[in-house]
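Each chain, letter by letter, is given below.
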Amino acid sequence: MSATQNLIEELGSRTGIEAGLGEEATMIADMVHRFSADVLRPIGKKLDRMSPEEVIASDSPLWDVHRRFAELGMSSAALAEMDPAEAAILTSLVFEELAWGDPGLAVSLGASMVPLRMAYAFNNKFLIENIPPEAIGCWAICEPDHGSDMADYDGQASLPGAQYSRPNCIATISGDTVTINGQKAAWVSNGTIAEYAALFCACDRGNGLEKVALVVPLDLEGVSRGKPLDKLGQRALPQGEIFFDNVTLSTDWLLAPPEMYNTVARVQLTDANAGMGMMFAGLARAAFELALDYAHERKQGGGYLVQHPGVRARLLDMFRQVEASRALARRAGLFNTTEKPKALVGAISAKITSTQAAFDVANDALQMFGGNGLTKEYPVEKLLRDARAALIEDGSNDVLAIKGGSMLVQEE
Ligand SMILES: Cc1cc2nc3c(=O)[nH]c(=O)nc-3n(C[C@H](O)[C@H](O)[C@H](O)COP(=O)(O)OP(=O)(O)OC[C@H]3O[C@@H](n4cnc5c(N)ncnc54)[C@H](O)[C@@H]3O)c2cc1C
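In the nomenclature of an unreviewed UniProt entry, the chain corresponds to Acyl-CoA dehydrogenase from the organism Pseudohalioglobus lutimaris. In the Cofactor (unreviewed entry) part of its UniProt record, the chain is described as follows: "FAD". If you open the UniProt record of the chain and go to Sequence similarities (unreviewed entry), you find "Belongs to the acyl-CoA dehydrogenase family."

Written out as structure tokens, the structure reads:
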């Protein structure tokens, strides 16, 4: 039995010092763990070594991931029908397990749920009826000239009197028709493969520029995609631009009227940041487990690595970061599902804590593996690359920290 399996037996749980999960939640977490171990981990490893074009080719194993995840029945629709507190705990367990398997694929599966999840969050019946539960979705908010500016939807991190350049994407609303022109950034997760986009962009109703959130079926005439993005980490996650050339649809597809944009953006950023907290606790756990097992296998200095006090101290440091990330992420997810209004400050805290922990724990794991850690023969260098991307993903941690800090301060 491996050292990790031993620890799981001793604590009675795969997710650390876990109390009172209940039979059903444990069963579902176990099922998702098996899916992660048998499907996500091996496929994520393969996709990491493929070109971005190969990742989305018709014969790519990526499609198996989406198809087989759909078979697990964990869609936004299924979660929306559960008791909110149960759904929050389950979401936290499921996304930790998915990212334990492969962080980029976990993000792809999570981003896929955004359009329908937002439709449920705003109880938009038209969207709930018109977005198929298993469709691949995305959240298209960032633009080539507006990355942090879009994540900072209410300008909390902007300079006094800030002047922004023209938006790259504008939805013009006239009567009951919306016409979209422009593009979203190459960073849109699932941008190259999504069937529906939750599009957050500028809008023009004839009274100057505002902002709006809507869902856009991406098979409409005038939609095209950019070149798949080639990047350092989360290479299994397909990303790329979406272009809109006079794309026309009815105002039924608006998530909410433009007046509500800041509320919609806050709700979505809260959900996304809490999700990032859950997923990257999973990456941190994967790195910790690999280091724990390796420390029991590798001999140096007359004994196994794990016999050296310095190695034990490092392992404890990794373990406590995993526990702290998971605890905060689950707390933020539960609060934001069951309480109103949602606390973006909690979700931001969870996102920053987990992604920084993921990066630090993956870095410590790589150190534990010594030179082996640097090679592609071992899995830790990939985890470090995957974690690095998360410090920028869904709002860079710097900008999120400014936003979160601003929420704690009462301005004069
Ligand atoms: C893996 C990954 C997945 C992503 N998924 C999506 C997605 O699904 N949909 C989507 O729309 N976007 C997505 N993004 C985009 C992501 O939200 C942006 O990359 C992020 O908001 C930063 O924007 P930027 O890259 O344009 O950097 P910039 O905004 O150009 O920022 C550059 C640097 O300047 C700092 N900075 C910028 N503005 C300020 C400020 N006001 N105060 C202080 N510092 C500042 C930033 O912290 C950063 O360090 C993803 C990104 C990554 C890496």
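**Q** Please give an account of the UniProt feature "domain: Acyl-CoA dehydrogenase/oxidase C-terminal" (unreviewed entry) in the chain that cites residues and values.
**A** Taken from the UniProt record, the annotation "domain: Acyl-CoA dehydrogenase/oxidase C-terminal" (unreviewed entry) applies to residues 264-400. Between the end C-alpha atoms of residues 264-400 there is a gap of 17 Å, over a span that is 76% helix and 3% strand.

**Q** Describe in detail the packing of helix H8 (residues 114-121) against helix H11 (residues 261-297), supporting the description with residues and values.
**A** Axis angle and axis distance: for two packed helices, these are the angle between their axes and the distance between the axes, and together they describe the pair. Where H8 meets H11, the axes come as close as 11 Å, and the angle between the chain directions of the two elements is 125 degrees. Taken together, the axis directions place H8 and H11 in an arrangement best described as oblique. Note that H8 runs across H11; the crossing there is right-handed. Listed contacts from H11 to Val-114, Arg-117, Met-118 and Ala-121 of H8 are Val-264, Val-267, Gln-268 and Asp-271. Here the contact of H8 with H11 is composed, by residue class, of five nonpolar, one polar and two charged.

**Q** Account for the packing of aromatic side chains, with residues named and values stated.
**A** All told, the structure shown has nine aromatic pairs when counted by the stated rule. Both rings, one in Trp-139 and one in Phe-200, keep their centres 5.8 Å apart while their planes meet at 70 degrees; by these two values the pair is edge-to-face. Highlighted residues: Trp-139 in strand S1 (residues 137-140) and Phe-200 in strand S4 (residues 196-204), separated in sequence by 61 residues. Each of the two residues, Trp-139 as well as Phe-200, counts as buried. Measuring from centroid to centroid gives 5.7 Å for Phe-369 and Tyr-378, while their planes differ by 70 degrees, and the two rings are edge-to-face. With a relative accessible area of 29%, Tyr-378 lands in the partly exposed category. Positioned above the aromatic ring of Trp-100 is the side chain of Arg-41, whose terminal nitrogen or guanidinium carbon lies 3.7 Å from the ring centre. Above the face of the Phe-359 ring, Arg-388 is positioned so that its terminal group lies 5.9 Å from the ring centre.

Rules and cut-offs
Residues numbered from 1 in each chain as written. Predicted model: local features only at pLDDT ≥ 70, side-chain atom pairs only at ≥ 80, totals over all residues. Heavy atoms only, no water. UniProt positions renumbered as here; feature names shortened; annotations may be inferred. Helix = DSSP H or I, 4+ residues; strand = E, 2+ residues; numbered from the N terminus. Axes fitted to C-alpha atoms, helices over the stretch in contact; angles between N-to-C directions. Parallel < 35°, antiparallel > 145°, perpendicular 65-115°, else oblique. Left-handed = near helix turned anticlockwise from the far one by under 90°. Contact = heavy atoms within 4.5 Å. Nonpolar A, V, L, I, M, F, W, Y, C, P; charged D, E, K, R; others polar. Phe/Tyr/Trp six-rings, centres within 6.5 Å; stacked < 30°, edge-to-face > 60°. Buried < 20%, exposed > 50% of the residue type's maximum accessible area, 1.4 Å probe, protein only. Lys NZ or Arg CZ within 6 Å of the ring centre and 35° of its normal.

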